[in-house]
Amino acid sequence: SAVISQKPSRDICQRGTSLTIQCQVDSQVTMMFWYRQQPGQSLTLIATANQGSEATYESGFVIDKFPISRPNLTFSTLTVSNMSPEDSSIYLCSVEEVWGTDTQYFGPGTRLTVL
Amino acid sequence: RKEVEQDPGPFNVPEGATVAFNCTYSNSASQSFFWYRQDCRKEPKLLMSVYSSGNEDGRFTAQLNRASQYISLLIRDSKLSDSATYLCVVRFRNQFYFGTGTSLTVIP
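A few points on the structure.

Analysis parameters
Numbers given to residues run from 1 along each chain, matching the order in which its sequence is written. Starting at A for chains and at 1 for ligands, labels are handed out in the order in which the entities are written. Residues qualify for local features only when their pLDDT is at least 70, as the model is predicted, and side-chain atom pairs are given and counted only at 80 or more; totals for whole chains, interfaces and linings, by contrast, use all residues. Hydrogens and waters are ignored; side-chain quantities use all the structure's heavy atoms. Strands here mean DSSP runs of E at least two residues long; helices mean DSSP runs of H or I at least four residues long; both are numbered from the N terminus. The atom set for the radius of gyration is the C-alpha atoms, and the globule formula is 2.2 Å times the number of residues raised to the power 0.38. Contacts are residue-level and defined by heavy atoms, with any inter-residue pair within 4.5 Å sufficient. Here the Shrake-Rupley method, with its probe set to 1.4 Å, supplies the accessible areas, and only the displayed protein chains count as covering residues. Working convention for charge: Lys and Arg count positive, Asp and Glu count negative, and His plus the chain ends are omitted. Taken as the charge location is NZ of Lys, CZ of Arg, CG of Asp or CD of Glu. Residue burial is assigned from relative accessible area. The probe radius is 1.4 Å, only protein chains are included, and a residue is buried under 20% of its type maximum, exposed over 50%, and partly exposed in between. Think of it this way: DSSP has to see at least two bridges between two strands before they count as a pair. For helices, the fitted axis covers only the stretch in contact; all axes are lines through C-alpha atoms, and the angles between them, taken along N-to-C directions, range from 0 to 180 degrees. Buried area: the accessible area, evaluated with a 1.4 Å probe, that two parts lose upon being put together, summed over both parts. Salt bridges are defined as contacts in which a side-chain nitrogen from Lys or Arg sits within 4 Å of a carboxyl oxygen from Asp or Glu. Nitrogen and oxygen atoms within 3.5 Å of one another constitute a polar contact, given that in protein one can donate a hydrogen and the other can accept it, and given that sequence-neighbouring residues count only through two side-chain atoms. Each residue receives one of three labels: charged for Asp, Glu, Lys and Arg, nonpolar for Ala, Val, Leu, Ile, Met, Phe, Trp, Tyr, Cys and Pro, and polar for the others, Gly being one of them. A pair of Phe, Tyr and Trp rings is counted when the ring centres sit within 6.5 Å of each other, with Trp represented by its six-membered ring. The angle between the planes then sorts it: under 30 degrees is stacked, over 60 is edge-to-face, the rest tilted.

Here we come to the overall build of chain B. Across its full length, chain B carries 0 helices and 11 strands. Scanning chain B from its N terminus toward the C terminus, one meets helices and strands in the order β-β-β-β-β-β-β-β-β-β-β. For a compact globule of 108 residues, the expected C-alpha radius of gyration is about 13 Å, and chain B comes in at 13 Å, within 12% of that figure. Taken along its principal axes, the extent of the C-alpha atoms in chain B is 40 × 30 × 20 Å. A separation of at least 24 residues holds for 56% of the contacts in chain B among residues at least 6 apart in sequence. Counting every atom, chain B has about 5300 Å² of accessible surface; 47% of that belongs to carbon and sulfur. If you average the places of the 12 positive and of the 10 negative side-chain charges in chain B, the two averages end up 6 Å apart.

Below, the structure written as structure tokens:
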């Protein structure tokens with residue numbers, strides 16, 4: 001399975017600032033996703049990161065708040081903009097491999113706390 | 001209605017017990033089904049895929065019932081290391097839908 005890394009692993013940020021999270025995969029993958037997992041909750045899909053085009057956002061998530069880049073098949077970034085304490089969460093990158101089964105593999109997550 | 005529903009538990013079982021989790025899904029056109037395991041403060045990890053014919057991996061058995069739209073996971077001879085949250089995941093087209101997870105604690 002693909003090996004996925006995320007940076008930073010955790011951060012504490014001030015209200016009103018922005019944080020960019022990076023997701024790096026050790027192989028080319030077709031699909032990359034960004035999820036949010038709030039304390040005690042399951043995963044909520046934020047968007048699908050599309051290579052070479054705009055991300056596809058789920059209901060309740062907008063590009064101005066969560067801009068996403070995906071410049072190639074191994075890398076993506078998620079920015080959490082103008083943060084508020086409600087954005088405190090774990091943000092997870094996941095991938096679906098090109099040639100594997102149709103399953104997802106997750107990065108280790110970024111634990112974000114907004115004060 | 002949620003796409004995927006699970007009993008959140010918690011399930012507290014003694015070592016050696018057999019425990020079963022169920023999960024229901026709302027979209028009859030769902031294509032693929034999975035169980036993931038998530039340890040505290042860690043990312044979800046794939047436990048097993050679920051097929052209509054059922055599949056078994058050691059102490060773990062997963063079943064899919066398309067007619068009733070539910071998925072089950074059976075864990076036999078529970079170990080302390082099985083303590084985790086088990087997430088039911090359903091795929092429809094390019095979307096993966098996650099249940100809220102079932103918490104399992106295996107007690108010595």
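Looking now at the overall build of chain A. Each helix and strand counted, chain A has 0 helices and 11 strands in total. Walking chain A from its N terminus toward its C terminus, one meets helices and strands in the order β-β-β-β-β-β-β-β-β-β-β. Expressed as a percentage of the 115 residues in chain A, the buried residues total 50%. Long-range contacts, defined as pairs at least 24 residues apart, comprise 54% of the intrachain contacts of chain A with a sequence gap of at least 6. When the accessible area of chain A is evaluated, it comes to approximately 5400 Å², of which 50% is carbon and sulfur surface.

We now examine the sheet that holds strand β3 (residues 19-25) of chain B. Sheet strands pair via backbone hydrogen bonds, and the direction of the pair is either parallel or antiparallel. Residue and element names in this part refer to chain B. Spatially, the 5 strands line up as an open sheet ordered β1-β3-β8-β7-β6, and their pairing is antiparallel. The outermost strands of the open sheet, each flanked by one partner alone, are β1 (4-6) and β6 (55-57). If you compare each strand with its neighbour and ignore which way they point, the axes differ by 20° on average. In this sheet, strand β8 (residues 70-75) lies alongside β3 in antiparallel orientation, the contact comprising 6 bridges. By the bridge assignment, Cys23 is partnered in β8 with Ile71.

Let us now look at the interface of chain A and chain B. If you look at the interface, chain A gives 19 residues, while chain B gives 17 residues. Of the roughly 1500 Å² buried at the junction of chain A and chain B (both faces included), carbon and sulfur atoms supply 50%. If you look at where chain A meets chain B, you find 1 salt bridge. For Glu96 of chain A, the salt bridge identified is with Arg91 of chain B, shortest N-O distance 2.7 Å. Across the contact surface, chain A and chain B share 5 residue pairs in polar contact (both at pLDDT 80 or more). Among the secondary structure elements, those contributing two or more residues to the side of chain A that touches chain B are β4 (29-37), β5 (43-49), β9 (89-97) and β10 (104-106) of chain A. Broken down by element, the side of chain A that touches chain B gets its largest block of residues, 4 residues, from β4 of chain A. The residue makeup of the side of chain A that touches chain B, split by class, is 9 nonpolar, 5 polar and 5 charged.

All names here are of chain A. The strand order β1-β3-β8-β7 describes an open sheet built from 4 strands, whose pairing is antiparallel. Among the strands making up the open sheet, the edge pair consists of β1 (4-7) and β7 (68-72). Across this sheet, the average inter-strand angle for adjacent strands is 15°, counted without regard to direction. Bridging between β7 and strand β8 (residues 75-80) involves 3 bridges; their strand directions are antiparallel. In the sheet register, Asn72 faces β8, and the bridge partner there is Phe75.

The residue Leu46 of chain B is located in strand β5 (residues 45-50) in this model. For Leu46 of chain B, a relative accessible area of 28% corresponds to the partly exposed category. Spatially, the C-alpha atom of Leu46 of chain B lies 22 Å from that of Ala29 of chain B, the residues being 17 residues apart in sequence. Each residue touching Leu46 of chain B, except ones within four places of it in the same chain, is listed here: Thr103 and Tyr105 of chain A together with Phe34, Trp35 and Tyr36 of chain B.

Here we come to the packing of aromatic side chains. Remark: the centre distance and the inter-plane angle together describe each pair of aromatic rings, the angle taken between the planes. Evaluated as defined, the whole model comprises 13 aromatic pairs over all chains. Relative to Phe98 of chain B, the ring of Phe106 of chain A lies with its centre 5.8 Å away and its plane at 75°, an arrangement referred to as edge-to-face. Highlighted residues: Phe106 of chain A in strand β10 and Phe98 of chain B in strand β10 (residues 95-98), drawn from two different chains. Here the aromatic residues Phe33, Tyr35 and Phe106 of chain A together with Phe34, Tyr36, Phe96 and Phe98 of chain B are joined through ring pairs into a cluster of three or more.

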